[in-house]
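These are the residues of each chain, in order.
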Amino acid sequence: GLEERLEKFIASHKGTSAAILGEMALMQRYFDKDDKAKAEAAASRFLAAHPDHFFSAQVRMDYGALLEWAGKPAEAAALYEKVLRSERDYLHAEARLGIARCLEMAGKPEEAKAKYQEIIASRNDNRSVTQRVLSMASFRLMALREGNLGVAPGTIGAAGNTGK
């Protein structure tokens, strides 16, 4: 199948930008097929091989989402923190949003509220705060203020959603 062809392509172009794009395509393929174990393994391999590559910040974001779905908020938050330390500032608001979700999942609603408030407050000074990020932060902050500590069904961190 496609996965095998991508693996062969990556192997035959090892050390080139084409191989890196092949790795990204393979990882996306696993995401698309909802094969979380293989997507997680591909993301881990990519980051081990290319920790400072231009695409590493995006891979960390995707890998973090997988870890959230798997109920591993501390591991996901660590990846998001690395994104915040990267030069890819266009991902910083998304990373802060991920950290806030992880704080919620870890049972730290006050810290999560503070992180959501930080995102909302920075909306005028930070180009990475898109309308989607602002809406998600506002929604979660409102839910936490109202005592609705559960996450909306079907979203990352939803009660009972272990990502399996």
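Look up: the structure comes first, before these words.
Heads up: these notes are all about the structure in this document. What you are looking at is a predicted structure, and each value in this text was computed from that prediction instead of being measured. (Residues numbered from 1 in each chain as written. Predicted model: local features only at pLDDT ≥ 70, side-chain atom pairs only at ≥ 80, totals over all residues. Heavy atoms only, no water.)

### Some points on the packing of aromatic side chains
Stated formally: Geometry of aromatic contacts follows a simple scheme: Phe, Tyr and Trp rings, the Trp one being its six-membered ring, pair when their centres are within 6.5 Å, and the pair is stacked under 30 degrees between planes, edge-to-face over 60, tilted otherwise. Think of it in three bands: with a 1.4 Å probe and only protein chains considered, a residue is buried below 20% of the maximum accessible area for its type, exposed above 50%, and partly exposed in between.
This structure, assessed with the given rule, holds one aromatic pair. On the numbers, 5.5 Å between centres and 75° between planes, the contact of Phe54 with Phe55 is edge-to-face. With relative accessibility at 45%, the residue Phe54 sits in the partly exposed group.

### Looking at the side chain of Lys113
Heads up, the rule is: A helix here means a DSSP run of H or I that spans at least four residues, while a strand means a run of E at least two residues long, and both kinds are numbered starting from the N terminus. The contact criterion used is simple: two residues touch if any of their non-hydrogen atoms lie within 4.5 Å.
Along the chain, Lys113 turns up in helix α7 (residues 109-121). Using a relative accessible area of 15% as the deciding quantity, one classes Lys113 as buried. If we ignore the near neighbours within four places in the chain, the residues touching Lys113 are Leu141, Leu144 and Arg145.

### Focus: the pattern of salt bridges
Spelled out, the test is: Put simply, a salt bridge is a Lys or Arg side-chain nitrogen that is within 4 Å of an Asp or Glu carboxyl oxygen.
In the structure shown here, the tally under the stated rule is ten salt bridges. Between Lys33 and Glu3 there is a salt bridge; the shortest N-O distance is 3.0 Å. Linking Lys33 in the loop between α2 (17-32) and α3 (36-49) with Glu3 in helix α1 (residues 2-12), this pair joins segments that are 30 residues apart in sequence. A residue is classified by how much of its surface remains accessible, and Lys33, at 47% relative accessible area, is partly exposed. When the shortest N-O distance is used, the salt bridge between Lys72 and Glu40 registers 4.0 Å. In this pair, Lys72 is assigned in the loop between α4 (56-69) and α5 (73-84) and Glu40 in helix α3, connecting sequence segments 32 residues apart. The class of Lys72 is partly exposed, set by a relative accessible area of 31%. Connected through salt bridges with shared partners, the residues Glu3, Arg29 and Lys33 form a single ionic network.

### Notes on the nonpolar core
We apply this condition: Only buried residues count toward a nonpolar core. Its members are Ala, Val, Leu, Ile, Met, Phe, Trp, Tyr and Cys residues joined through side-chain atoms within 4.5 Å.
Counting 41 residues, the largest nonpolar core has Met27, Phe46, Val59, Tyr80 and Tyr116 as the members making the most contacts within it. The set of elements that each furnish at least two residues to this core consists of α1, α2, α3, α4, α5, α6 (92-105), α7 and α8 (131-145). Per-element tally for this core: the top contributor is α6, with seven residues. The contact partners of Met27, leaving out residues within four places of it in the chain, are Ala39, Ala42, Ala43, Phe46 and Val59.

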